Amino acid sequence: MRRHDVVVVGAGLAGQRAALAALEAKQDVAIVTKLHPLRSHSGAAQGGINAAIGKEDSVDTHIYDTVKGSDYLGDQDAIEFFCTEAGATVIEAEHFGTIFSRAPDGTLARRPFGGAAFPRTIYAADRTGLALLQGLYEQLGTASPTIYEEWDLTSVVVRDGRCQGIVAFDRRRGTFEEIAAKSVVLATGPAGRVYGRTTNAHTCTGDGIAAAYRAGAALKDMEFVQFHPTALLESSILITEGARGEGGILKNANGERFMVRYAPHVQDLASRDVVSRAIVTEVREGRGFPGSYVHLELMHLGKERIESRLQEICDFCRTFAGVDPVVEPIPIMPAQHYMMGGIGTNLRGETNVPGLFAAGEAACVSIHGANRLGGNSLLETLVFGKQAGIAAAKHAGTAPAPEVQQSDVDAEETRVGVMASRTVGEEPQHLRMAMQATMDLKVGVFRRPEELGEALTEIRALKARYDHVRIVDTSKSYNLNLTDALETGNMLDLAETIVAGAIARTESRGAHSRLDFPKRDDATWMRHTLASKGRDGPVLSYAPVAYTRWEPKERVY
Ligand SMILES: Cc1cc2nc3c(=O)[nH]c(=O)nc-3n(C[C@H](O)[C@H](O)[C@H](O)COP(=O)(O)OP(=O)(O)OC[C@H]3O[C@@H](n4cnc5c(N)ncnc54)[C@H](O)[C@@H]3O)c2cc1C
């Protein structure tokens, strides 16, 4: 049997940073990842990473902006820690070998981002995620962890009230394997593919969040889903907020800079929830272009600036939309982009299950509360990835020897065996597409009570159909039909927690905007939603928000 002190699942920025911290603490560390580490979604991050290192800026302003951006649902103790760590974290990334863009005086260049009082977003052109990932991967290479690559976590083993390891599926050999561990860190990243219209890679299926949920971990604030204002119309490929940071502007079909009406002070650089609602409102009220979209204009910035600061954006627009942003506007609409919710953790990445830790987008500390600010997520992966790695290593130092049993593997083999033995049944891809259509249509930027109710019924019906899911491909090696089936099951569980949380929360806060409850309701709802798996779906409970210095105020941009 495979056995390690610390098993980190996921090799994006959060997973790699956690693994590095645990290796530095002299633990035997393994990384399990379904993708090559450099293929993780972190590598798709474009715009940048936040740290208040400018002379005019301050850590306190970063804290305040994040608290305000979160619509006062972020835990202020966590946000204070997070912003205080930011400067050292970015400098460390630079020392790891990340090549950031430079200002003319040689210091780290910074661009303005939404919801930030000062230019605070440090970047490597529009490929910041890949630059960070490469630097970190080089460091990790020198520390030589065991890497199980193209292995899918399928379940977390909890026995005697503590996490004792995982079961994973080796795609190449087509077998389930057990890996015993004293500590497990889940850093499996986003779950954006619950939606059809998303900026997330096809691999972002929330597997770790779902496995934690099934193993008894509480999920936090799942109803808060971020829609990025500017995704390419048809493909939903992200056009970074950096495009507006560089001076890009939004216009409706009447040629108006409509953001003036929604955020008079900062206009196009208001926070993402505000800009997404503005765009959807413009289109709904008839001021969009035929085909339901608005324009993002960069032309006035000039060819040189557009092509040097936004190289990849130029490529995306030309290749995937047939539009040249140097000479014409870009057709855009909001798309799902980020899950504020995830596996509930504290500042050290600890979950409610002893021995189980989480970090990165799969986790919810919570620092983003009801709405994440651009540039804060890359920072989160590094700050809290490190904390989770330290805590996991410390736990492994004292935990008893873990026990994973053959029955854990047998259970997974039986689960998949049943799917493969069916001669009639449901195709996973049909269930996945139906789920995505429901989420796109009924659990979007604005939420109506009747549509949320319908969405819950539809997701539950899809879950019932999933009980008859069928794998038709009998290949042993790289059976993507099988991984599709497993991922679809994971996402159906998560979709249910998102909708259940959204129905229960009778207020509008951050990215959760209920048409029947348009106001924020601090008296009742200044609290986190916790979703635990019950027999018939999620059981919701609530936890207080941590306060330090910032009294809730109305959010105006
Ligand atoms: C297009 C795009 C652009 C973005 N731009 C920015 C930006 O400019 N600034 C910013 O702050 N944030 C940005 N974000 C958000 C940010 O990039 C992510 O939140 C962050 O990188 C997530 O990192 P992670 O390490 O948690 O997950 P990921 O980088 O997604 O890594 C997840 C890892 O988990 C592994 N994994 C998943 N499931 C399994 C499984 N079942 N078994 C084994 N392994 C598994 C994968 O192989 C992968 O290695 C962007 C996001 C997107 C989608």
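Residues numbered from 1 in each chain as written. Predicted model: local features only at pLDDT ≥ 70, side-chain atom pairs only at ≥ 80, totals over all residues. Heavy atoms only, no water.

## Details of the sheet that holds strand β14 (residues 330–339)
With respect to topology, four strands assemble into an open sheet ordered β11-β14-β13-β12, the strand pairing being antiparallel. Whereas interior strands pair on both sides, the edge strands pair on one side only; in this sheet they are β11 (225–232) and β12 (249–251). In this sheet, adjacent strand axes meet at a mean angle of 45° when their direction is disregarded. Pairing of β11 with β14 involves six bridges; the strand directions are antiparallel. Bridge assignment links leucine 232 to a residue of β14, and that residue is isoleucine 332. Each of β11, β12, β13 (294–297) and β14 is contacted by helix α8 (residues 272–284), which is oriented at about 60° to β11, the strand it contacts most. (Pairing = 2+ DSSP bridges. Helix = DSSP H or I, 4+ residues; strand = E, 2+ residues; numbered from the N terminus. Axes fitted to C-alpha atoms, helices over the stretch in contact; angles between N-to-C directions. Contact = heavy atoms within 4.5 Å.)

## Overview of the packing of helix α1 (residues 13–24) against helix α4 (residues 128–143)
Packed helices, taken two at a time, are described by the angle their axes make and the gap between the axes. In contact at an axis separation of 10 Å, α1 and α4 are set at 30° when each is read in the N-to-C sense. In terms of axis orientation, α1 runs roughly parallel to α4. At the point where α1 passes α4, the crossing takes the left-handed sense. Mapping the contact onto sequence places Leu13, Gln16, Arg17, Ala19, Leu20 and Leu23 in α1 and Leu132, Leu133, Leu136, Tyr137, Gln139, Leu140 and Ala143 in α4. (Parallel < 35°, antiparallel > 145°, perpendicular 65-115°, else oblique. Left-handed = near helix turned anticlockwise from the far one by under 90°.)

## Topic: the pattern of salt bridges
Within this structure, the stated rule accounts for 51 salt bridges. A salt bridge links lysine 303 to glutamate 307, with the nearest nitrogen and oxygen atoms 3.3 Å apart. Taken together, the positions of lysine 303 and glutamate 307, both in helix α9 (residues 303–309) and four residues apart, correspond to about one turn of that helix. One network of salt bridges, in which partners are shared, links Asp71, Glu223, Asp273, Arg277, Arg505, Glu507, Arg509, Arg520, Asp522 and Arg555. (Salt bridge = Lys/Arg side-chain N within 4 Å of Asp/Glu carboxyl O.)

## Points about the domain arrangement of the protein
It is common to give the size of an interface as the accessible area that goes away when the parts come together. Taken domain by domain, the protein consists of domain 1 (1–224 + 340–557) and domain 2 (226–337). One C-alpha centre belongs to domain 1, the other to domain 2, and the line joining them spans 27 Å. With 37 residues of domain 1 at the contact, the number on the domain 2 side is 40 residues. With both chains or domains summed, domain 1 and domain 2 bury close to 3100 Å², and 48% of this area falls on carbon and sulfur atoms. Among the ionic pairs, arginine 555 bridges to aspartate 273, the shortest N-O distance being 3.0 Å. Linking domain 1 with domain 2 are 27 residue pairs in polar contact (both at pLDDT 80 or more). For the side of domain 1 that touches domain 2, the residue count by class is 15 nonpolar, 13 polar and nine charged. (Domains from an automatic or database assignment. Buried area = accessible area lost by both parts, 1.4 Å probe. Polar contact = N/O pair within 3.5 Å; in protein donor to acceptor, adjacent residues only side chain to side chain. Nonpolar A, V, L, I, M, F, W, Y, C, P; charged D, E, K, R; others polar.)

## Brief notes about the site of the ligand
Taken together, 39 residues sit near the ligand, with Ser40, His41, Ser42, Glu361 and Ser377 positioned nearest. In the environment of the ligand, an oxygen atom lies 3.4 Å from a nitrogen or oxygen atom belonging to the backbone of glycine 12. A distance of 3.5 Å separates an oxygen atom of the ligand from a polar backbone atom of histidine 41. With the chains in place, 98% of the 1000 Å² that the ligand exposes on its own is no longer accessible. Those elements giving two or more residues to the shell around the ligand turn out to be α1, β2 (29–33), β7 (151–159), β14 and α11 (376–398). Take the shell around the ligand: its biggest share by element is four residues, from α11. Its residues assigned to classes, the shell around the ligand shows 15 nonpolar, 19 polar and five charged. (Near = heavy atom within 4 Å. Areas by Shrake-Rupley, 256 points an atom, 1.4 Å probe, with all protein chains shown as cover.)

## Considerations on the state of the cysteines
Summed over all chains, the structure comprises zero disulfides. Not part of a disulfide, cysteine 83 finds its nearest cysteine sulfur in cysteine 364, a span of 16 Å. Assessed through its relative accessible area of 2%, cysteine 83 is described here as buried. Lacking any disulfide linkage, cysteine 314 is separated from the closest cysteine sulfur, that of cysteine 317, by 6.9 Å. You can call cysteine 314 buried: its relative accessible area is 2%. (Disulfide = S-S within 2.5 Å. Buried < 20%, exposed > 50% of the residue type's maximum accessible area, 1.4 Å probe, protein only.)

## Description of the sheet that holds strand β15 (residues 342–344)
On the basis of which strands lie adjacent, the open sheet formed by five strands has the order β17-β15-β10-β18-β19 and mixed pairing. The two strands at the open ends of the sheet, each matched to only one other strand, are β17 (363–364) and β19 (537–544). Sheet topology note: the strand β10 (residues 219–220)/β15 ladder contains two bridges and is antiparallel. Bridging across to β15, leucine 219 finds its partner in isoleucine 343. Across the sheet, helix α15 (residues 480–504) touches β10, β18 (527–534) and β19, and the angle it forms with β19 is around 55°.

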